[in-house]
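# Per-entry structural report
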Amino acid sequence: MVLDERDLLRVAVFLAALPLLAAALAARGGTGLTARRELEPWRTEVDTPTTVRLWLSSRSSMPVGATELTDGVPNTLGGDAYRVLDRSPGRSGTVVEYAIHAELRGVHRIGPLRCRSGDPFGFSAFDRELLTTTRLTVVPRVFELTGLPAGFGTGSGDSGSGSTRTGGEPDDSTVREYRQGDDIRRVHWKTTARRDELMVRTEERPERGGTTVLLDQRAAAHRGVNKHSSLEWAISAAASICSHLYDNNRRLRLVGAGGEPIPGEDRRSGRLEIETDEALLLEALAALQPSGRRDLTGGADPARGQDLVAVLGRTSLTGADELASLRPAGARSLALLLNVAGWNTDGRGDGQSAVARRLRGAGWTVTTVDGPTTRIPHVWESLCEQTASPDIARMDR
């Protein structure tokens, strides 16, 4: 204005207005953007990938600057996911996908989804939250087991073949075709896959003696960290055993240290011996946290007279004596005894051989687990062989 240079003045006005124009474009860039998140599957096993799909659409197709999307992902699942939209998705929408790999069980939250929209000149940016969180349940890995311990889970001492066929397939009298209104949680997937049509368990199950699975989740009884800990091995073993017994139509209770029920007490009826479906049981194990308890039994028989499968961490001789003394005479008792020294990073620690001998002397069938490389199906097979052969059961394996 002082130099009376009108062309230069026009340039100056344009440069002064440019940031305001850029801010207006950036603010407009994300206002009409909507999103929907989909997890496939929403519940997965450890070491199994999950696909996250983001369905994006916008009320405006006006081109703006790049829009950055950040979907919050826990560090245990790989960290936040970043994507860039070079143009508006428009009303027809677009799909953005990414994969996450769950290495550790648990109940995780995916999100929130945030977008940062900018102007074409890169002068300004606005942050917005498009979506809240979505739950992802990572259940422990379930291994396929074969066979059952001789005379186990029947409560009468017989072989318990009943309506269960060799190989774990239920008899036709215990399943039927799916009908409209049936609870989808009662679908028997193995029979469904074999017959290529939806099959559900019948409401009435054969009356059998119950089976209790005891999971020792005491923090002091385990070693190792994260997925390489003895606790994670024990949880996966308990999940596999429960799934196998459930598939073989056994009445089942899962309890933790002190006899506390997992997934919990049925508050509507106040009963502890609730029969939970497999999905609910696995979700409870996914959310299970180490316990600060020091004692294993709480002064009472954790199985309440039923047959017992115990997945034990580090156990003292006193604890073994207490556990054995609480079990009624003649009750079937099996134990997977973890030598947690095998999970120590320094490789040091005391073994469990004395505890194993003490339990065997009380009539238990025991097999020891020496480290994280021991396969759960092999341990279960060892238990079944010992119950079938008294000579094997007496061996200090």
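Summarised in this report is the structure supplied together with it.

On to the overall build of the protein chain, then. Scanning the protein chain for helices and strands turns up eight helices and 18 strands. Considering the protein chain as a whole, with its 397 residues, one finds that 47% of them fall into the buried category. As displayed, the protein chain has an accessible area near 20300 Å², and 50% of this comes from carbon and sulfur atoms.

Attention now moves to the packing of helix 3 (residues 230-247) against helix 4 (residues 278-286). For the pair helix 3 and helix 4, the least separation of the axes is 11 Å and the interaxial angle reads 175 degrees. The orientation of helix 3 relative to helix 4 falls into the category roughly antiparallel. Across the interface between the two elements, Ile235, Ala239, Cys242, Ser243, Tyr246 and Asp247 of helix 3 pack against Glu278, Leu281, Leu282 and Leu285 of helix 4. Split by residue class, the contact of helix 3 with helix 4 holds seven nonpolar, one polar and two charged.

Right, let's get into the sheet that holds strand 9 (residues 125-131). Spatially, the four strands line up as an open sheet ordered 5-4-8-9, and their pairing is antiparallel. In the strand order of this sheet, the two ends are held by strand 5 (81-85) and strand 9, each with one partner. Strand after strand, the sheet turns through a mean of 20 degrees between neighbouring axes, direction not considered.

Spanning 18 residues, helix 3 covers 26 Å between terminal C-alpha atoms, matching the ideal 26 Å at 1.5 Å per step. Trailing helix 3 by a residue or two, Asn249 shows a phi angle of about 65 degrees, which is positive.

What follows concerns helix 4. Restricting attention to buried positions, one finds in helix 4 the residues Leu281, Leu282, Ala284, Leu285 and Ala286. The elements touched by buried residues of helix 4 are strand 7 (106-110), strand 10 (134-139), strand 13 (211-215), helix 3, strand 14 (252-255) and strand 15 (261-262).

Applying the stated criterion across every chain, the model contains one aromatic pair. When the ring of Trp233 is compared with that of Trp343, the centres are 6.4 Å apart and the planes differ by 70 degrees; the resulting orientation is edge-to-face. In this pair, Trp233 is assigned in helix 3 and Trp343 in the loop between strand 17 (333-338) and helix 6 (353-361), connecting sequence segments 110 residues apart. What makes Trp343 buried here is its relative accessible area of 5%.

Rules and cut-offs
Residues numbered from 1 in each chain as written. Predicted model: local features only at pLDDT ≥ 70, side-chain atom pairs only at ≥ 80, totals over all residues. Heavy atoms only, no water. Helix = DSSP H or I, 4+ residues; strand = E, 2+ residues; numbered from the N terminus. Buried < 20%, exposed > 50% of the residue type's maximum accessible area, 1.4 Å probe, protein only. Areas by Shrake-Rupley, 256 points an atom, 1.4 Å probe, with all protein chains shown as cover. Axes fitted to C-alpha atoms, helices over the stretch in contact; angles between N-to-C directions. Parallel < 35°, antiparallel > 145°, perpendicular 65-115°, else oblique. Contact = heavy atoms within 4.5 Å. Nonpolar A, V, L, I, M, F, W, Y, C, P; charged D, E, K, R; others polar. Pairing = 2+ DSSP bridges. Expected span 1.5 Å × (residues − 1). Phe/Tyr/Trp six-rings, centres within 6.5 Å; stacked < 30°, edge-to-face > 60°.

Any functional reading would require information that these geometric values do not contain.
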